[in-house]
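Understanding the architecture of this molecule
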Amino acid sequence: MGNKRVMVPADEVDLTVVKYEPEVIQGVCLCYQQMLRKSVIPETPMYKPEFPTQEPEPGVVGLEEDGKPEDRVEFALKCLPNYDAGNCWTGDSTPSFRYWKIRDYAYAYRSGLANPSMVAERFITAMEEFSRKKLPTPLLISFDAEELRKQAAESTQRFKEGITGNPLSILDGIFMAIKDDIDCYPHLSKGATTWLHEVRPVRKDAVCVSRLRSCGVIFVGKANMHEMGLGTTGNNPNYGTPRNPHASDRYTGGSSSGPAAIVASGLCSAALGTDGGGSVRIPSSLCGVVGLKTTYGRTDMKGSLCDAGTVEIIGPIAANVEDVMLVYAAILGSSPSDRISLRSSLPCLPTLTSSESSNALGSLRLGKYTEWFNDVFSTDISQKCDNILNLLLEKHGYKTIEIAIPELHEMLMAHLVSIGSESLCKLKPDYEDGKDVKLTYDARINLVLFQSFTASDYVAAQRLRRRLMYHHMEILKKVDVIVTPTTGMTAPVIPRNALKVGETDLQVTGGFIIILNFLIICFYINVMSGSPVAIIEGLRVAPFLSSSEMVNACGLTAGNLMRFIIAPNLLGLPAISVPVGYDNQGLPIGIQLIGRPWAEASILRLAAAIEDLCPEPKKKPMSFYDMLKGN
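To start, this report covers the structure provided alongside it. Keep in mind that what you see is a predicted model, and the values were worked out from it rather than measured.

The rules behind the values
- Residues numbered from 1 in each chain as written.
- Predicted model: local features only at pLDDT ≥ 70, side-chain atom pairs only at ≥ 80, totals over all residues.
- Heavy atoms only, no water.
- Buried < 20%, exposed > 50% of the residue type's maximum accessible area, 1.4 Å probe, protein only.
- Helix = DSSP H or I, 4+ residues; strand = E, 2+ residues; numbered from the N terminus.
- Polar contact = N/O pair within 3.5 Å; in protein donor to acceptor, adjacent residues only side chain to side chain.
- Salt bridge = Lys/Arg side-chain N within 4 Å of Asp/Glu carboxyl O.
- Axes fitted to C-alpha atoms, helices over the stretch in contact; angles between N-to-C directions.
- Parallel < 35°, antiparallel > 145°, perpendicular 65-115°, else oblique.
- Left-handed = near helix turned anticlockwise from the far one by under 90°.
- Contact = heavy atoms within 4.5 Å.
- Pairing = 2+ DSSP bridges.
- Nonpolar A, V, L, I, M, F, W, Y, C, P; charged D, E, K, R; others polar.

What about helix H10 (residues 321-331)?
Burial within H10 is extensive, with 11 of its 11 residues counted as buried. Here H10 has its buried residues at Val-321, Glu-322, Asp-323, Val-324, Met-325, Leu-326, Val-327, Tyr-328, Ala-329, Ala-330 and Ile-331. The residue sitting at the N-terminus of H10 and contributing the capping side-chain oxygen is Asn-320; that oxygen lies 3.5 Å from the backbone nitrogen of Glu-322.

This is the structure we're talking about:
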């Protein structure tokens, strides 16, 4: 009886006395045992994000959700600053490296300086180089050179027709990669497994891919990822582990590892990823590009492997904010059911050139939880993020308000139980049918843990979701955007022996996988779950966990990659990661902006301002391909 913990109602929590507690493994494990199984949580369950009515965003323009994707893209184009080809096509050298933008490709195509077929051949040459030299950076799981040539030829022909050409949109002829858990016909969707395509055929595009195709996008294939999305590093023994373009001995981050690396390498202007636990934002931060996680329900998930979850979205990755805006405009649009149940607000974009937008930027109130903000593996991260906040203060005079976010450990556990239970529910029939032995070790370990969750654990997690939603909605009454580093560390080193069998790096992978692997240790040492199935499977994969990891697990600080990214997933809030510089090893650092429900326009506006103010010039990645000029 003395162990029962009765939580006071969320509206009675005094935020002025909230104390930050670093994520330590022992504390997180204790959360699992006490928060879910020994706590009385007064709130009713929230089984998917529910948002209160939101005030309209200032300085924005609305988009027609039911309209044609190409019309939305055209409208988004008008929200951008005037395009100036500048020195890019005059032959003069530019003062520093920059990525080609979508509008650079469009200008080149319309001016006859290049065409999609030329770019396609350069892309194919790059893929052949990977194959010929057996470079350890497998970016694509599925690639068909002839299919790519066919798409490029059709786009090239559209630019040749008529005096001014007949491209479908500004995205016509733009090359994009699609993460391997999103359907892109005729490619298979394997989820980076060796077997999923055998039980789940692909007969058509996912909704978001279909919308991009109507805009003339050229799809290069299915991008690599962490198997089934169950990891944050991008490690994949099945198809090989993508390498970070800035340092080949480093991870890209995951699970959208291939999409982020392809964009950062210059091979594609943009890519689509999925984000259920930071899987768009983490690799975007580690690879030095921009990644947008939309509000839950803003994009239709039909045709993805995670279409039945309550924490996942499909989101764009691009080298800059304006390209993210263009792709976002094309793919947005709630499913019919979500539009009814979520009462979504009108999708909007910021007008980046108007004085009204500038005024809106200056009126933004940014929330910063300083102790949490500074809890990073390297002080370079917090310093670079602080520097950009100071520049925003000097340039736009925005207000920074100190906030406190309660129950961060509870949020971590609620997310883990939610995504774990939902993942297992979808995989269980095939898992029980013997496909479990075809999964990599870390995926099997994760699924073993998921099997230990009970119905009451899941309900308790949803009670916590409602409670945490209340806390965040109260905070977002006082501030417009919550600002954090995207990750607590820059790209981690890939252990050589992890390339063949995977790894359970307890410090690197953070809250999600750290807890998973620590708790599986509990399974076969302490028989915590009492489940014979879990114990037996735990013993089967136990040799994968080294004795040193088991000994040191409790002493490690957790959450280096996932520390700051959980709230947008569990609560369905929009968030974006924007590059703000590099650490002392030259590795990219990202800042995260978390907005109110449906307020993508506000965080896109702030992201564009950060991009313009960033004092550090872009560094050309060690692995970079110039697809327009071919040099």
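Structural notes on unusual backbone geometry
Trans is the common state for peptide bonds, and a negative phi is the common state for residues other than glycine. Between Tyr-185 and Pro-186 the backbone carries a cis peptide bond, its omega angle lying at 10°. By the element assignment, Pro-186 lies in the loop between strand E5 (175-179) and helix H6 (196-199). For the bond from Gly-254 to Ser-255, the omega torsion is 10°, close enough to zero to count as cis. Here Ser-255 shows up in the loop between strand E6 (218-223) and helix H8 (257-264). Backbone geometry at Ala-192 places phi at a positive 65°, although glycine is not the residue there. Its place among the elements puts Ala-192 in the loop between E5 and H6. Judged by relative accessible area, which is 0%, Ala-192 ranks as buried. The phi dihedral of Glu-407 is positive, around 60°, even though this residue is not glycine.

Description of the pattern of salt bridges
In the structure shown here, the tally under the stated rule is 29 salt bridges. Across the pair Asp-457 and Arg-37 runs a salt bridge whose closest N-O atoms are separated by 2.9 Å. With Asp-457 in helix H17 (residues 455-478) and Arg-37 in the loop between helix H1 (25-36) and strand E2 (39-40), the pair connects residues that are 420 residues apart, well separated along the chain. Judged by relative accessible area, which is 36%, Arg-37 ranks as partly exposed. When the shortest N-O distance is used, the salt bridge between Asp-104 and Arg-98 registers 3.0 Å. Taken together, the shared-partner salt bridges connect Glu-43, Glu-407 and Arg-467 into one network.

Remarks on the packing of helix H2 (residues 69-78) against H10
Between H2 and H10, the least distance of the axes is 7 Å, while the angle of their chain directions is 150°. On the basis of their axis angle, the class for H2 and H10 is roughly antiparallel. In the crossing of H2 with H10, the sense of the turn from one axis to the other is right-handed. Judged by residue contacts, Pro-69, Arg-72, Val-73, Ala-76 and Leu-77 of H2 engage Met-325, Leu-326, Ala-329, Ala-330 and Ile-331 from H10.

Quick notes on helix H3 (residues 102-111)
In terms of residue burial, H3 counts as a mostly covered element, since 7 of its 10 residues are buried. Within H3 the residues assigned to the buried category are Ile-102, Arg-103, Asp-104, Tyr-105, Ala-106, Ala-108 and Tyr-109. Buried positions along H3 lie against H2, helix H4 (116-133), helix H5 (145-160), E5 and H10. Just downstream of H3 lies Gly-112, where phi reads positive at about 80°.

Observations regarding the environment of Ser-256
Its place among the elements puts Ser-256 in the loop between E6 and H8. The class for Ser-256 is buried, based on a relative accessible area of 0%. Between the C-alpha atom of Ser-256 and that of Asp-180, which follows or precedes it by 76 residues, the distance is 8.8 Å. Contacts of Ser-256, omitting those with residues within four sequence positions, involve Lys-179, Gly-273, Thr-274, Ser-279, Val-280, Pro-283 and Ile-317. Polar side-chain contacts of Ser-256 include one of 3.0 Å to the side chain of Lys-179.

Quick notes on the pairing of strand E7 (residues 270-275)
Extensive coverage of E7 is indicated by the burial of 6 of its 6 residues. Neither face of E7 is left uncovered, since the one carrying Ala-270, Leu-272 and Thr-274 and the one carrying Ala-271, Gly-273 and Asp-275 both have all their residues buried. Inspection of the sheet shows E5 paired to E7 by 3 bridges, in the parallel sense. Along E7, the bridge assignment pairs Met-176 with Ala-270.

Brief notes about the packing of helix H15 (residues 408-432) against helix H16 (residues 441-452)
Here H15 crosses H16 at 105°, and the two axes come no closer than 9 Å. In terms of orientation, H15 lies roughly perpendicular with respect to H16. In contact with Leu-416, Gly-420, Ser-423, Leu-424, Leu-427, Lys-428, Tyr-431 and Glu-432 of H15, H16 contributes Arg-444, Leu-447, Val-448, Phe-450 and Gln-451. Partitioned by chemical class, the residues of the contact of H15 with H16 number 7 nonpolar, 3 polar and 3 charged.

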